[in-house]
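Structure assessment
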Amino acid sequence: SVFAFYRALCFMHEITHVRPGALRGFELVWNVLVGIPMLMPSTVYVGVHQDHHKTSAYATSDDPEYLPFAHSRRLTVGFAFQSLIIPALLVVRFVLLVPFELLIPRLHRVLAERASALAMNPRYRRVVNVSMSRKMRIVHATTCAVWMVAIWAASQGVLPWSAFGVWFAITAVAS
């Protein structure tokens, strides 16, 4: 499961590089099958990865995918251990905070800039245009709704609570 999830997540990279309209519907289908169920919708990487490729940002504090691992063993160990909390952070971000972000525009801006990017660099601040902001609201609301239905299904005995534990373990190891 871990390898399958990791491989499926790798397609997020392809989504960021594909020409608009070249694979119509691929991002939507990917989000339905992978991104939303795994709490990692494509909106966390599309746009962010492009910042990594900017020559003005590459390997600087503006690069979302850069950390100076070669200079710090503590940084390497800390980065590895943070994978254990990533699933919990995803639940907080995409299940608990989404209703508030939809109601409070200022909170949406803060979360879009600081808590909506699949980035290694904690200093990275995402620039979100109006189009991406709208897309984020739709995808995040859908993600939250799907997870609320899953939680409700578990509370009714339709879905075993252990499914969330399996998801947590798979996400932590894949991270």
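1. Notes on the overall build of the protein chain
- Counting its secondary structure elements, the protein chain contains 9 helices and 0 strands.
- Reading the protein chain from its N terminus to its C terminus gives the helix and strand order α-α-α-α-α-α-α-α-α.
- Looking at the 175 residues of the protein chain, the share that counts as buried comes to 34%.
- Partitioning the intrachain contacts of the protein chain with sequence separation of at least 6 by distance along the chain shows that 66% fall at a separation of at least 24.
- A total accessible area of about 10,600 Å² is found for the protein chain, and carbon and sulfur atoms account for 67% of it.

2. Some points on the nonpolar core
- Counting residues in each nonpolar core, the largest one holds 25 residues, and the members touching the most others are Phe5, Leu9, Met12 and Leu39.
- Elements with a contribution of two residues or more to this core: α1 (2–17), α2 (26–35), α5 (86–96), α8 (130–155) and α9 (162–174).
- The leading source of residues in this core is α1, at 5 residues.
- Discounting chain neighbours no more than four positions away, the residues touching Phe5 are Met38, Met40, Ile170, Thr171 and Ala174.

3. Examining the packing of aromatic side chains
- According to the stated counting rule, one finds 5 aromatic pairs in the structure shown.
- Relative to Phe168, the ring of Trp167 has its centre 6.3 Å away and its plane inclined at 75 degrees; by these criteria the two rings are edge-to-face.
- For Phe168, a relative accessible area of 34% corresponds to the partly exposed category.
- Grouped by ring-pair contacts, the aromatic residues Trp147, Trp161, Phe164, Trp167 and Phe168 constitute a single cluster.
- A cation sits over an aromatic face here: Arg7 above Phe11, 5.0 Å from the ring centre.
- One Lys or Arg, Arg93, reaches over the ring of Phe94 and ends 5.1 Å from the middle of that ring.

4. As for the packing of helix α7 (residues 105–114) against α8
- Two numbers describe how α7 lies on α8: the axes approach to 11 Å, and their chain directions differ by 100 degrees. In terms of axis orientation, α7 runs roughly perpendicular to α8. The segment α7 lies against α8, with Pro105, His108 and Ala112 engaging Ser133, Met136 and Arg137.

5. Observations regarding the side chain of Thr143
- Along the polypeptide, Thr143 turns up in helix α8.
- The contact partners of Thr143, leaving out residues within four places of it in the chain, are Ile36, Leu39, Pro41 and Phe94.

Thresholds applied
- The residue numbers shown here count from 1 along each chain, following its written sequence.
- In keeping with the model being predicted, local features are shown solely for residues with a pLDDT of at least 70 and side-chain atom pairs are shown and tallied solely at 80 or more, while totals for entire chains, interfaces and linings include all residues.
- To obtain the side-chain values, all non-hydrogen atoms of the structure were used and water was disregarded.
- Put simply, DSSP marks the helices as runs of H or I at least four residues long and the strands as runs of E at least two long, and each gets a number from the N terminus on.
- Accessible area is worked out with a 1.4 Å probe on protein chains only. A residue is then buried under 20% of its type maximum, exposed over 50%, and partly exposed in between.
- Whether two residues are in contact is decided by their heavy atoms: any pair within 4.5 Å suffices.
- Note on areas: these come from Shrake-Rupley sampling with a 1.4 Å probe, and a residue is covered only by the protein chains present in the view.
- The definition of a nonpolar core used throughout is a set of buried Ala, Val, Leu, Ile, Met, Phe, Trp, Tyr and Cys residues joined through side-chain atoms within 4.5 Å.
- Between rings of Phe, Tyr and Trp, where Trp is taken as its six-membered ring, a pair exists when centres lie within 6.5 Å; planes separated by under 30 degrees are stacked, by over 60 edge-to-face, and by other angles tilted.
- Cation placement over rings: the criterion is NZ of Lys or CZ of Arg within 6 Å of the ring centroid and within 35° of the ring normal.
- Whenever a helix is involved, its axis is fitted only over the stretch in contact; in every case the axis is a line through C-alpha atoms, and angles between N-to-C directions fall within 0 to 180 degrees.
- Here the angle decides the label: under 35 degrees means roughly parallel, over 145 means roughly antiparallel, 65 to 115 means roughly perpendicular, and every other value means oblique.

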